[in-house]
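Below, each chain spelled out in residue letters.
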Amino acid sequence: MRFDQIYVRVAFGAEALGVYAASARLAEIGNIIFQVTTLLLAPIFIRKISQFNKINRLGAYFVGILLISFSASIGCIFLGEDIITFIYGQGYREGYTVLSIYVLSIGFVAFGGMATRILASMSISGPQIWAGIAGAGLNVLLSIWWSQSFGLEGVAAATVVSYAVAACLLWRPIWIKIYRS
């Protein structure tokens, strides 16, 4: 879902794109860390689901990731300007608000990654297609709409919401299978 960056360049210019992209790349460090975590944990959850066990630990995993995402976001509100300035320089410091919003995507990217692995183990491919289409479409619509009122922060929020919707669409068939069995 890189429409956000294309749109930022067109709507706000190259300088704004630099600020936005720097913040997004910094937030994606968390995405990478949690993608590795989901790679490690996915086999455990897949085994539990394949045995038709209700998985209580999965809920704890979700809550933990959300708490980490929200904590990182709050931390970026207070420390984001210093972090971005240290890494990228003074010219990017105004991107700390984009960073604090974009960091919220960590949890939803991790949820989506876990769901994709579980769905693949179930030989189910349809939800991945529809979640991708819905997430991308929503990202385009919300980026255009919210950027008019909220600027770069609106584009970042649109990206986070589109990740959240895609993750929910990916998890829906899994929850249905778990709780119907």
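Look above for the structure.
Residues numbered from 1 in each chain as written. Predicted model: local features only at pLDDT ≥ 70, side-chain atom pairs only at ≥ 80, totals over all residues. Heavy atoms only, no water.

Engineer: What is the right way to look at the packing of aromatic side chains in this model?
Structural biologist: The description of an aromatic ring pair uses the distance of the two centres, along with the angle that the planes make with each other. By the definition in use, this model includes six aromatic pairs. With a centroid separation of 5.7 Å and 20° between ring planes, the pair formed by phenylalanine 3 and tyrosine 7 is classed as stacked. Of this pair, phenylalanine 3 and tyrosine 7 both sit in helix α1 (residues 3-12), four residues apart, roughly one helical turn. Judged by relative accessible area, phenylalanine 3 falls into the partly exposed class, the value being 25%. (Phe/Tyr/Trp six-rings, centres within 6.5 Å; stacked < 30°, edge-to-face > 60°. Helix = DSSP H or I, 4+ residues; strand = E, 2+ residues; numbered from the N terminus. Buried < 20%, exposed > 50% of the residue type's maximum accessible area, 1.4 Å probe, protein only.)

Engineer: Is there a simple way to think about α1 in this case?
Structural biologist: Since the α-helix packs 3.6 residues into each turn, any two residues three or four apart lie on the same face. Looking at α1, one finds that the buried residues are Asp4, Gln5, Tyr7 and Val8. Looking straight down α1, one finds that the buried residues subtend no more than 160° of arc, so they occupy a single side. Facing away from the buried surface of α1 by more than 90 degrees, the exposed residues are Ile6 and Val10. Backbone geometry just after α1 places glycine 13 at a positive phi near 100°. (Arc of directions from axis to C-beta.)

Engineer: Help me understand the nonpolar core in this model?
Structural biologist: One recurring pattern in soluble globular proteins is that nonpolar side chains are buried together. Formed by 40 residues in total, the largest nonpolar core has its most connected members in Tyr20, Ile118, Trp171 and Ile174. Contributing elements (two or more residues each) for this core: α1, α2 (14-50), α3 (56-88), α4 (96-102), α5 (105-121) and α7 (152-180). Considering each element in turn, this core owes the most residues, 10 residues, to α7. (Core = buried A, V, L, I, M, F, W, Y, C linked by side-chain atoms within 4.5 Å.)

Engineer: Explanation requested: the environment of isoleucine 118 in the structure shown.
Structural biologist: Considering the arrangement of structural elements, one finds isoleucine 118 in helix α5. Residues isoleucine 118 and isoleucine 49, spaced 69 residues apart in sequence, show a C-alpha to C-alpha distance of 8.4 Å. The contacts of isoleucine 118, once residues within four sequence positions are left out, are Phe45, Ile46, Ile49, Trp171 and Ile174. (Contact = heavy atoms within 4.5 Å.)

Engineer: In this structure, what is going on with the pattern of salt bridges? I would like to understand it.
Structural biologist: Side chains that differ in sign of charge can pair as their charged atoms come close. This structure, assessed with the given rule, holds two salt bridges. Ionic pairing is found between arginine 25 and glutamate 28, a salt bridge with its closest N-O pair at 2.8 Å. In this pair, arginine 25 and glutamate 28 are both assigned in helix α2, three residues apart and thus about one turn of the helix distant. When its relative accessible area of 32% is taken as the criterion, arginine 25 is described as partly exposed. Between glutamate 81 and arginine 93 there is a salt bridge whose closest N-O contact spans 3.5 Å. Of this pair, glutamate 81 sits in helix α3 while arginine 93 sits in the loop between α3 and α4; the two residues are 12 residues apart in sequence, bridging distant segments of the chain. When its relative accessible area of 32% is taken as the criterion, glutamate 81 is described as partly exposed. (Salt bridge = Lys/Arg side-chain N within 4 Å of Asp/Glu carboxyl O.)

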